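Coordinates in review
Here's the letter readout for the chains.
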Amino acid sequence: MALNSFRFILLLFPILAGFYLLSLFCKKEKTKRNVLAGYLLAIGYLMVAETDIRFLLCLLAVTLITYFCPLLFERKQLGRTKAWVAFGIVADLVLLGVFKYFNFFYNQVEALFGGTKTNLNILLPIGISFYTFSSISYLVDVYRGKYEANKSLLEVALFIGFFPKIISGPIIRGRDFFESLNGLGKKNLYNFSCGIQIFVWGLFKKMVLADRLSVFVDNVFYAPKAFHSITVIWATLSYPLQLYFDFAGYSDMAIGISKLFGIDLAWNFNFPFVARTVSEFWKRWHISLSSWLQEYLYFPLGGNRKGKIRTYVNLLLTMLLGGLWHGAAWCYILWGGLQGLALGFDKMRMERRKKKYGRKDGKKSGPAVAFLSMVASYLFFAFSIIIFRSENIMDGFAFIGQLFTPHDGMIHLYTWSLFSMVCLIIGTLVMRRKTGFAMKMPKKVEERYFLFDLTSILGLTLFFVLCGLTVGLAYFGNTAFIYGAF
Amino acid sequence: MKKLCIQGIKVIVAGILAVAVLSLIALVYEYTGVHVDNPQKDTDYVWLPGQYKANMTEGFSFLFMDANGYNNTKENEEKAQNGIDILLMGSSHVEAVQVASDENMGYLLNQSLPEKNTYSIGMSGHDIYRVMDNLPYALERFSPGEYLVMECYDVKLDMGSMLQILDGSGQRIPSYNEGLVAKMQRIPAVKWLYKELSTWNRLEKKQKRLAGEAAKKEVDNTKVAAGDAEIAIDGKENNAGDSKLPEGYYETLLKFLSICRINCDLQGCKPIIFYHPTGMFLQNGYAYFQTEEEYLEAFKRACEENGILFLDMTDVFLEEYEKNHIFPHGFSNTAIATGHLNADGHRMIAEALTKLIEEEEQNHGLK
């Protein structure tokens, strides 16, 4: 059940009512925590089972791996052998590999040896890319001694199967999540006030902006030959917006719903389009994935500690695998590779500036240069995700070819793209006053968003107007979350 | 308790204020107004006289309905007071609230055929079945002296619906003239949001149903298989294998269209039906207009047998697409090739109708 579905929104209120009632009746802290965690877990399992009961089996398997392996690792009688952690990680990766990548790699091997394409009918369990990564991060963190393994099966199960973040993340970390469980069932009114607003902002981004953009972008990407070059360029510039609003919208919904229950999830986007370099962009875009890749792949590979060449190789490898995470296709891998190359180029440029000016960011640039850098970063992202968006690499290159060769066709300068850009600019300027685009995220979820004061008439009015605009301007079509497919 | 009551009052006050603000926004973004039962029955319902309409969902337009509740410019309305020569009937495509009032086919026909008075009673939801059902009343009320032009967006008609019209059991589109619903729909925000919420719920149920079905019946622009491109090179679908006419279909269609012939003969005007198919574009850049050939041929024959001039816009649309890359449906704020006729679509239809009428008059020495 998608978070932006009519059915889910209708169900959310009775789910919340049940949660708040339970939190009122449970007096003892520990009992309250367990009952509420159990309640949320049951809701999550029901939602996954409703999609397909087989998906629940996969979720349970990863849950058991995540629970038992760290505990077994920590048992002194077993010698604290890292074999348990390694087993857990391998088991997670095997599950991910079988469900997500088996057909792809099998077909590559077949192609190498001249066979015909065989595709096994393997269903991709919902959210597997996200929760296996959460599991791996937890296993590694316990192994590294960052914190002890959680002895509560219920809490570990909730960490893996918490329903708001199952479909498209964010990829949450163990310690952050278990700490935030302390807020379960507390300050319900305050949490409701913040959570519902964040959720509605997310709905607006997804249903009004992303889904409206999808109507145009999908058409042009489907048949670029039918459109004039100007239209193709306009679609190219619109797609990053669609992707951002879709994914950030989902993240906001997940964060908002979690907040309703008193749980703070990590944020996933920090104004990525104000980034002036590709490096900065990846610190602001899909933060939960990019930080995961940095901590659990780039650093273990050696990071930048093994010389220049090795640093660039590590960057490339990390981003190639990051691309592969998105899907089992060469276009994702190529896209990841492009990002890796760009990051390497960025690193080289920063080294040179450090040598020249004695600091990585070089001379402080004026507003004009800063603006041009943002535009350049946006354009790089826009062009690189053409490959990401295309059905295959050849289609991607054909599309890029359309951009650079004048081509007659339908002129369609979609007005919702302009509206989305205006919304993005206004939102960015408003939030600039609040957060100053700081790289370090405020710990409290509510500090990352523009929220109304729901105890005042003005705040309530503005919030109701936002709800009305979200429903009134929304596009209702076949619009699954883009990242739900990963 | 006191705090709760105060907060409750604040919520109510804020709700009222929000409805006011949203109503102002609705008056600019999407306001269709209120329609009432039409006692004269030339259409099932009419808009209130002078009804204001705003549309930014499909195209951009801001209109006022005329004194009869139809979409005609003041110029057209005044001309029509001297007698109507050409009466336009049809659905929301003819009602044309998606385009400016000087861009719809009614206005353009008045410009291209200035010696004739054209008047449009196009109304949302009035498909060919509703048009046929209301036709006798429309002719009686407006007495077009020369032509009755009817719109048809699908030549594959439903036998059940045709039979209902033939036996007089066709259902009129209801209006809500009285009661709470009538009052509520006058609040722009309420009407707007109610419509959106019902659409959301309805589409979600439909998507769930379709997802559960083995074969997807809807035509989806983004999912035309590569194989279809091969047969669509000339822009027309030919599914001869799939579209055998059901038994009794042609006879029913003949009878159905004879409603038009009989009533127009009584009135002394010539009937015209124009057909504007839905199009789509393919990955190879070609356009593709969906019409099942057998049904199209049957419709053409039935029109001919009933003395109805039939205007198939497919070739005109194709030619325009090939020359100028213009589709007759779709707007800058919607997907191309979907939804209602845009300004170019109205222009093409008006030009084609003008040409047809001029040729007809030349053939009959009327000019």
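Examining the overall build of chain A
Secondary structure assignment for chain A yields 17 helices and zero strands. The C-alpha radius of gyration of chain A comes to 23 Å, within 12% of the 23 Å expected for a compact globule of 486 residues. Each of the three principal axes of chain A carries a C-alpha extent, and together these read 70 × 60 × 55 Å. A buried classification covers 45% of the 486 residues belonging to chain A. In chain A, once contacts between residues fewer than 6 apart in sequence are set aside, the share between residues at least 24 apart is 74%.

A few points about the interface of chain A and chain B
Taken together, the contact pairs 31 residues of chain A with 34 residues of chain B. Elements with a contribution of two residues or more to the side of chain A that touches chain B: α1 (6-25), α8 (188-222), α16 (415-435) and α17 (457-473) of chain A. If you tally residues by element for the side of chain A that touches chain B, the top one is α17(A), at eight residues. Looking at the side of chain A that touches chain B, its residues break down into 17 nonpolar, ten polar and four charged.

A word on the confidence of the model for chain A
Of all residues in chain A, 94% have pLDDT values of 70 or greater, and the mean over the chain is 87. Per-residue pLDDT, averaged within each element of chain A, yields its smallest value for helix α4 (residues 83-112) of chain A (84) and its largest for α17(A) (96).

A few points about the sheet that holds strand β5 (residues 61-64) of chain B
All names here are of chain B. One open sheet accounts for three strands, arranged β1-β4-β5; its pairing is antiparallel. Looking at strand neighbours, the two that pair on one side only are β1 (30-31) and β5, the edges of this open sheet. Bridge analysis of β1 against strand β4 (residues 52-55) gives two bridges, and the strand direction is antiparallel. Bridge pairing links Y31 to A54 in β4.

A few points about the sheet that holds strand β6 (residues 86-89) of chain B
Residues and elements named next belong to chain B. On the basis of which strands lie adjacent, the open sheet formed by five strands has the order β7-β6-β8-β9-β12 and parallel pairing. A strand with exactly one partner marks an edge of an open sheet, and here the two such strands are β7 (118-120) and β12 (309-312). For this sheet, the mean inter-axis angle between neighbouring strands, taken without regard to orientation, is 20 degrees. Sheet topology places strand β9 (residues 270-275) next to β12; four bridges connect them, and they run parallel. By the bridge assignment, Y275 is partnered in β12 with D312. Lying over the sheet, helix α4 (residues 105-112) contacts β6 and β7, oriented at roughly 180 degrees with respect to β7.

Thoughts on the environment of A:A149
Residues and elements named next belong to chain A. Take A149: it is sitting in the loop between α5 (128-143) and α6 (153-161). Judged by C-beta crowding, with 21 C-beta atoms within 10 Å, A149 ranks as buried. For the pair A149 and I167, spaced 18 residues apart in sequence, the C-alpha to C-alpha distance is 25 Å. Every residue in contact with A149, bar those within four places of it in the chain, is listed here: P70, L71, E74 and V142.

As for the packing of helix α6 (residues 159-166) of chain B against helix α10 (residues 249-267) of chain B
All names here are of chain B. Direction vectors running N to C along α6 and α10 enclose 40 degrees, while the axes themselves pass 10 Å from each other. Between α6 and α10, the angle falls in the class oblique. Note on packing geometry: the crossing formed by α6 with α10 is left-handed. Along its contact with α6, which presents M159, M162, L163, I165 and L166, the element α10 presents Y249, T252, L253, K255 and F256. In the contact of α6 with α10, the residues fall into eight nonpolar, one polar and one charged.

Quick notes on the rules
Residues numbered from 1 in each chain as written. Chains lettered and ligands numbered in written order. Predicted model: local features only at pLDDT ≥ 70, side-chain atom pairs only at ≥ 80, totals over all residues. Helix = DSSP H or I, 4+ residues; strand = E, 2+ residues; numbered from the N terminus. Rg over C-alpha atoms; globule rule 2.2 N^0.38 Å. Buried ≥ 20, exposed ≤ 12 C-beta atoms within 10 Å, placed from the backbone. Contact = placed C-beta atoms within 7 Å. Nonpolar A, V, L, I, M, F, W, Y, C, P; charged D, E, K, R; others polar. pLDDT = per-residue confidence, 0-100. Pairing = 2+ DSSP bridges. Axes fitted to C-alpha atoms, helices over the stretch in contact; angles between N-to-C directions. Parallel < 35°, antiparallel > 145°, perpendicular 65-115°, else oblique. Left-handed = near helix turned anticlockwise from the far one by under 90°.

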